[in-house]
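Summary of the model geometry
Read off the chains here:
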Amino acid sequence: MSLEKMKKNLKNMSIKGKVFLYLIGFCSILLILLWCFQIIFLDKFYKNIKIREVKNSAIEIAKHINKDDLEEVVEDLASHNDLCIEIISANGTRIKSAEGANQCIIHRMPQFEKVKFFVEAEEKGGEMLEHYDANKPKDNVYEKDKVMIKEKDKDKEAPKTIIYSKIVKDKEGQQYAILVNSMISPVDATVQTLRVQLYYITVAMILFSILLALAIAKRVSKPIENINKSAKTLATGDYEVKFYGSGYKEINELSDTLNYAAVELAKVDGLRKELIANVSHDLRTPLTLIGGYAEVMRDIPNENNSENAQIIIDESKRLTTLVNDMLDISKIQAGVQKVDMKEFNLTEALNEVINRMSELVKKDGYNIKFSYDKEVRVKADGPKICQAFYNLVINAINYTGNDKSVEIIQVLKNNMVEIQVKDRGIGISEESLPYIWERYYKVDKTHKRPITGTGLGLSIVKSIIELHGGQYGVNSKINEGSTFWFRLKL
Ligand code: ADP
């Protein structure tokens, strides 16, 4: 199987399979370590530990060579560590001795042999370590045995013994040799036992991995499978579906997110239905009017007057506004429109919009007031900002009260310019406030004329200001009026 294919297979593996794979991997590493340490290197470890023990004992004795407690220390070390210890003078005379191990060699050695240890250790710089076969004759021919046994040392069956000799001097300058003899029992029997144990452990661990993998996978994959099932139901358009996560933080979070997504989708779906209702209503009314008036004008000669023609013109304008708004919002939200950031005089641009609108609404008695401290320049997309501003002013005109006045204020706040559009009209209820920025949202869903909005105005404002990284908001009280505002960075 190629590497690519293996990678792909691994990617598509079920949780069960992966957990099992990881557990088996983990167990294998553990088992390899166990086999290495318990079987392969056990002999080496054991020998090294013994050698260190023997050397440390000799060092400890050397420290006490001039002290009164020497005998006590020698006895202590011998009995605690199963060692045979002898301190001899240069001519092989035994000064101190303790026998803590069976099969001790040094206590059965003739004096002249011990002298050899002394001499050899001295020649080798004060210390020497020799390995022997403990089963070999001990009375004579040590030299010969030594050679022979050293060669045989590779034979793991033979019980070994080590003799460590260390030369020390007392305070009078007299030299002594500390001979420490320790048995190194063969570990083969132990290794055999451990090997059998490890076979059992290996099988047990593999079984355990399988069971654990199954248990973990069941606990982890079950909730995911449930979520998947609910997601499929959601995909069919059932927004009532609930996601239940259990046991795990991530899965709980996922189900919370999906529950949230389902609520949002339900909202979008609601909006979509409302949009169709709104748009068809908004399109149908002017179309019916246009068709009706046109027919009347054609069929009844007296009705062919400018008033009726004006109605047709007004209604077609309404249609144009609706279609334009829909186009704008879809372009902005599809990310097609990019902001063209250029520095321009914001105050002047707003003033122009106000003047143009004042001209249009003057005849209906509307009054738009604009106040500002000084002219400000901002870096933004001028036409878009004007469009957002225009939408706010149009709303204020549409929803203002009997005083028919709209107040616009430009203020500077912490490196930002804030534009407020105030009216003293019907205001917006607290429940509606969070939704007015959504597409096609209308507080009054009865579509009373003459207030005919598209339900898109504020959503366009929101998108434009967000594109500029600005802030926007509204303060409103029912029957007292509303203040819509947006802020741009200076
Ligand atoms: P519309 O075209 O219907 O005005 P908008 O997105 O501009 O759509 O506004 C959404 C809703 O917010 C409106 O239907 C209206 O109920 C409410 N609204 C907007 N501006 C004002 C205002 N100045 N005073 C009261 N209500 C407002």
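Preceding this paragraph is the structure being described.
Just so it is clear, the structure is predicted and the values come from calculations on it, not from any experiment. (Residues numbered from 1 in each chain as written. Predicted model: local features only at pLDDT ≥ 70, side-chain atom pairs only at ≥ 80, totals over all residues. Heavy atoms only, no water.)

The number of helices and strands found in the protein is twelve helices and twelve strands. The C-alpha radius of gyration computed for the protein amounts to 49 Å, which surpasses the reference 23 Å derived for 490 residues by more than 25%, pointing to a less compact arrangement than a globule. Restricting to contacts in the protein with at least 6 residues of sequence separation, those with at least 24 account for 64%. For the protein, the exposed area adds up to about 28,900 Å²; of that, 56% sits on carbon and sulfur atoms. Of note, the protein has its 70 positive side-chain charges centred 4 Å away from the centre of its 67 negative side-chain charges. (Helix = DSSP H or I, 4+ residues; strand = E, 2+ residues; numbered from the N terminus. Rg over C-alpha atoms; globule rule 2.2 N^0.38 Å. Contact = heavy atoms within 4.5 Å. Areas by Shrake-Rupley, 256 points an atom, 1.4 Å probe, with all protein chains shown as cover. Lys, Arg positive; Asp, Glu negative; His and termini not counted. Charge placed at Lys NZ, Arg CZ, Asp CG, Glu CD.)

The next thing to look at is the pattern of salt bridges. Under the criterion given, the structure shown has 17 salt bridges. In this structure, the salt-bridge partner of K63 is E60, at a minimum N-O distance of 3.8 Å. Remark: E60 and K63 occur in helix α3 (residues 42–63); sequence separation between them is three residues, near one turn of the helix. With relative accessibility at 54%, the residue K63 sits in the exposed group. Taking relative accessible area as the criterion, E60 reaches 29% and is therefore assigned partly exposed. Between E99 and R108 there is a salt bridge whose closest N-O contact spans 3.9 Å. (Salt bridge = Lys/Arg side-chain N within 4 Å of Asp/Glu carboxyl O. Buried < 20%, exposed > 50% of the residue type's maximum accessible area, 1.4 Å probe, protein only.)

Quick look at the state of the cysteines now. Taken as a whole and assessed by the stated rule, the structure comprises zero disulfides. The thiol of C27 is not disulfide-bonded; the next cysteine sulfur, from C36, is found 16 Å away. Residue class for C27 comes out buried when judged on its relative accessible area of 6%. (Disulfide = S-S within 2.5 Å.)

Attention now moves to the site of the ligand. Not every one of the 17 residues close to the ligand is listed here, only the nearest: N395, D423, T454, G455 and L458. A distance of 2.9 Å separates a nitrogen atom of the ligand from a polar side-chain atom of D423. At a separation of 3.3 Å, an oxygen atom of the ligand approaches a polar backbone atom of G457. In isolation the ligand has 520 Å² of accessible area, and contact with the protein removes 96% of it. Those elements giving two or more residues to the shell around the ligand turn out to be α11 (382–399), α12 (457–467) and β12 (481–489). Broken down by class, the residue content of the shell around the ligand amounts to eight nonpolar, seven polar and two charged. (Near = heavy atom within 4 Å. Polar contact = N/O pair within 3.5 Å; in protein donor to acceptor, adjacent residues only side chain to side chain. Nonpolar A, V, L, I, M, F, W, Y, C, P; charged D, E, K, R; others polar.)

Attention now goes to the nonpolar core. Core analysis: the biggest nonpolar cluster contains 43 residues, and L346, I385, F389, I408 and I436 have the highest contact counts within it. A per-element tally of this core places α11 first, with eight residues. Ranked by size, the runner-up nonpolar core spans 22 residues in total, among them A58, I61, A78 and Y176. (Core = buried A, V, L, I, M, F, W, Y, C linked by side-chain atoms within 4.5 Å.)

Strand order in the open sheet made by the five strands is β2-β1-β5-β4-β3, with antiparallel pairing throughout. Lying at the two open borders of the sheet, with one neighbouring strand each, are β2 (94–99) and β3 (127–133). Between one strand axis and the next, the sheet turns by 15 degrees as a mean value, whatever way the strands run. Of the pairings in the sheet, the one linking β3 to strand β4 (residues 160–169) comprises seven bridges and is antiparallel in character. Directly across from E130, in β4, lies its bridge partner I163. Each of β1 (83–89), β3, β4 and β5 (175–184) touches α3; the most contacted strand, β5, lies at about 155 degrees to it. Of the strands in this sheet, β1, β2, β3, β4 and β5 touch helix α5 (residues 111–123), which is tilted by about 135 degrees from β3. (Pairing = 2+ DSSP bridges. Axes fitted to C-alpha atoms, helices over the stretch in contact; angles between N-to-C directions.)

Our next topic: the sheet that holds β12. Read across the open sheet, the five strands follow the order β7-β9-β10-β12-β11; overall the sheet is mixed. Looking along the sheet, the strands with just one partner apiece sit at the ends: β7 (367–372) and β11 (471–477). Strand-to-strand twist in this sheet, taken as the mean axis angle between neighbours without regard to direction, amounts to 15 degrees. By the bridge criterion, eight bridges tie strand β9 (residues 405–413) to strand β10 (residues 416–423) in an arrangement that is antiparallel. When the sheet's bridge partners are listed, I408 is paired in β10 with V421. Sheet strands in contact with helix α10 (residues 346–362) are β7, β9 and β10, and its direction is about 165 degrees off that of β7. Sheet strands touched by α11: β7, β9, β10 and β12. Its angle to β10, the strand with the most contacts, is close to 25 degrees.

Let us now look at the packing of α10 against α11. Interhelical geometry of α10 versus α11 gives an angle of 40 degrees and a closest axis separation of 10 Å. The orientation of α10 with respect to α11, classified from their angle, is oblique. In the packing of α10 onto α11, the handedness of the crossing is right-handed. Mapping the contact onto sequence places L346, A349, L350, V353, I354, M357 and V361 in α10 and I385, C386, F389, Y390, V393, I394 and I397 in α11. (Parallel < 35°, antiparallel > 145°, perpendicular 65-115°, else oblique. Left-handed = near helix turned anticlockwise from the far one by under 90°.)

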